[in-house]
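Examining the three-dimensional arrangement
Spelled out from the first residue to the last, the chains are:
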Amino acid sequence: MGLNAESFLHFGALDDLAGGDSPVHRLDPRAKVLATAAFIVAVASFGRYEVAALVPFALFPVALLALGGIPAGFILRRMLAALPFVLVLAALNPVLDRAPMAALGPVTVSGGWVSFASILLRFALTVGAALVLAATTGMDGVCTGLERLGAPRALTQQVAFLHRYAFVLGSEAVRIHRARSLRAFGRKVSPREFAFLAGHLLLRAWDRARRIHVAMLSRGYDGHLPTRRALVWRRRDVVFAAGWVGLFVVLRLWNLPRLLGELVTGGLR
Amino acid sequence: MNQPIIAAEDLAYRYPDGTEALRGLTFTIQPGEAVALVGANGAGKSTLLHHLNGTVFPSRGRLTVGGLPVETANLKTIRRLVGMVFQDPDDQLFMPTVAEDVAFGPQNLGLDEPVVRARVAGALGTVDALSLAGKPPYRLSAGEKRRAAIATVLAMEPDVLVMDEPTSGLDPRGRRHLAQLLAAFGHTRILATHDLDLVLDVCPRTLVIHEGMLMADGPTLEIFKDEALLATCRLEKPLSMQGCPVCGGNTPF
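This section reports on the structure supplied with the text. Just so it is clear, the structure is predicted and the values come from calculations on it, not from any experiment. (Residues numbered from 1 in each chain as written. Chains lettered and ligands numbered in written order. Predicted model: local features only at pLDDT ≥ 70, side-chain atom pairs only at ≥ 80, totals over all residues. Heavy atoms only, no water.)

This next bit is on the pairing of strand β8 (residues 188–192) of chain B. Residue and element names in this part refer to chain B. With five of its five residues buried, β8 lies for the most part within the structure. On β8, burial covers both faces: Thr-188, Ile-190 and Ala-192 on one face and Arg-189 and Leu-191 on the other are all buried. Looking at chain direction, strand β3 (residues 34–38) and β8 are connected through four bridges and run parallel. Its bridge partner lying in β8, Ala-34 is registered against Arg-189. One ladder, built from five bridges, connects strand β7 (residues 160–164) with β8; its direction is parallel. Among the inter-strand pairings, Val-162 is bridged to a residue of β8, identified as Ile-190. Chirality of the crossover, the property in question, places the unit of β7, helix α7 (residues 172–184) and β8 among those that are right-handed. (Buried < 20%, exposed > 50% of the residue type's maximum accessible area, 1.4 Å probe, protein only. Helix = DSSP H or I, 4+ residues; strand = E, 2+ residues; numbered from the N terminus. Pairing = 2+ DSSP bridges. Right-handed = clockwise from strand over helix to strand, strands pointing away.)

Structure representation (structure tokens):
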């Protein structure tokens, strides 16, 4: 993926979606953050060879996506952008772990491939759920929710600032890159040049951080970032959070697909 | 004469690396004045501005704002008196939406929510930016960002409005609009700028700084007519005073 201004602007599209209105948008951010956190913990806590038991978890992101009116293609494209990182992580599993594990007709599937599939599935579920959360809540909503749930303020403020200034830093990087390419006539960035570009960007970010801090101080900043949203737990928020967390507990403790399978095949395995 | 809102006496500042940015400035500014701070790059304008709300403290001499010496104990009061609009609006707008950003200062002042809301609406209305209230800062044009940044400071209802290069990055119409806005304000205004045409429009009085020293302090028109002074301080006459080749070089001055 190239470094271009559009990809940074698309980043802002998450916030545009978060400005929409739907039953999911109207929920208290804390309820959504809580349910998503429980979801991620539950999905991450399965053993490395688990695949089937993870499938029912897809209900959560898909339901939120549908009820929140979020275009599925939008979320899928963003998941694809993160895919290379996971592929690198998962790629070694089929190579290192060749112990046969299951047979699909004539094909024997090794443990490595099963854990490979498990990692990909978990990636799709967790990243998908986090994206749907951001698209229905907004990054500022997520930060407010986290903070009200007791996350350290230093952390939530960092995330909020990261989100705000990723655009600024991103467009600075784009400008620096463009200015370089206009004089590069197709020559690739050498490691040495890359170090200078990255260092330059770091110094600029550093300098900007200092200026922002001064600007904040001059408007009375004392370490506390005020939030203007008054949050109230309503019954639907409680039902939403408790319902999903309860479902995750059930799905984590009982392997629903296996139970169904056993029911159908009469206990034969 | 009233008590000056800002008084500097032999104000000097030396950066930790030894650079002498200010070398003994003495001046006073009365409430309601519009004063321009002009000088070439590196003359010391920004350093002086940073003193006005206590981001840096004088190395030597004395500076008072609203009668209070600029020192740690008075910072809260001084920062309420002096509203600073920074050169790059991206440094100033950091909250998720424009409205929340404008509310940031008033909330830090400990005002009640209805008052904060009224301040936000008032400030955004003044700069004609009410329609931007719900937008995130990165979605604004340069002119919109500038107006939003000014609103963030207006909402604190400061007595003194300090601006660093307020017209940088603005198109001619945005610049014109800003000049009219600034001319209409009743605050004490201090503008550090290279835009001498803006100075002609907004500031009856000009301070010229050169290499950390105050070279001139007087009526703007007189200073801009003093070609020797402008040359010494590496400044150029505003375009509107340079004569127009089309209309035969007649200038109103």
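Right, picking up where we left off after that structure.
Right, let's get into the state of the cysteines. Residue and element names in this part refer to chain B. One pass over the structure, following the stated rule, counts zero disulfides over all chains. Cys-233 forms no disulfide, and the closest cysteine sulfur to it belongs to Cys-203, at a distance of 17 Å. The class of Cys-233 is buried, set by a relative accessible area of 0%. (Disulfide = S-S within 2.5 Å.)

This brings us to the packing of helix α3 (residues 59–67) of chain A against helix α9 (residues 235–253) of chain A. Residue and element names in this part refer to chain A. Between α3 and α9, the shortest axis-to-axis distance is 11 Å and the interhelical angle comes to 150°. It follows from the interaxial angle that α3 and α9 lie roughly antiparallel. Along its contact with α3, which presents Leu-59, Phe-60, Ala-63 and Leu-64, the element α9 presents Phe-240, Trp-244, Leu-247 and Phe-248. Residue composition of the contact of α3 with α9, by class: eight nonpolar, no polar and no charged. (Axes fitted to C-alpha atoms, helices over the stretch in contact; angles between N-to-C directions. Parallel < 35°, antiparallel > 145°, perpendicular 65-115°, else oblique. Contact = heavy atoms within 4.5 Å. Nonpolar A, V, L, I, M, F, W, Y, C, P; charged D, E, K, R; others polar.)

Glancing now at the side chain of His-51 of chain B. Along the chain, His-51 of chain B turns up in helix α1 (residues 45–52). Those residues within four positions of His-51 of chain B in sequence are excluded, and the remaining contacts are Leu-11, Tyr-13, Leu-22, Val-56, Phe-57, Pro-58, Leu-63 and Val-70 of chain B.

Another point: the interface of chain A and chain B. Listed as interface residues are 29 residues of chain A and, on the opposing side, 29 residues of chain B. Interface area for chain A against chain B, summed over the two sides, is near 2600 Å², with a carbon-plus-sulfur share of 53%. Viewed at the interface, chain B and chain A are joined by five salt bridges. A salt bridge links Arg-211 of chain A to Asp-91 of chain B; the nearest nitrogen and oxygen atoms lie 2.4 Å apart. Our count for the contact surface shared by chain A and chain B stands at 10 residue pairs in polar contact (both at pLDDT 80 or more). Elements with a contribution of two residues or more to the side of chain A that touches chain B: α1 (5–18), α7 (153–182) and α8 (191–217) of chain A. (Buried area = accessible area lost by both parts, 1.4 Å probe. Salt bridge = Lys/Arg side-chain N within 4 Å of Asp/Glu carboxyl O. Polar contact = N/O pair within 3.5 Å; in protein donor to acceptor, adjacent residues only side chain to side chain.)

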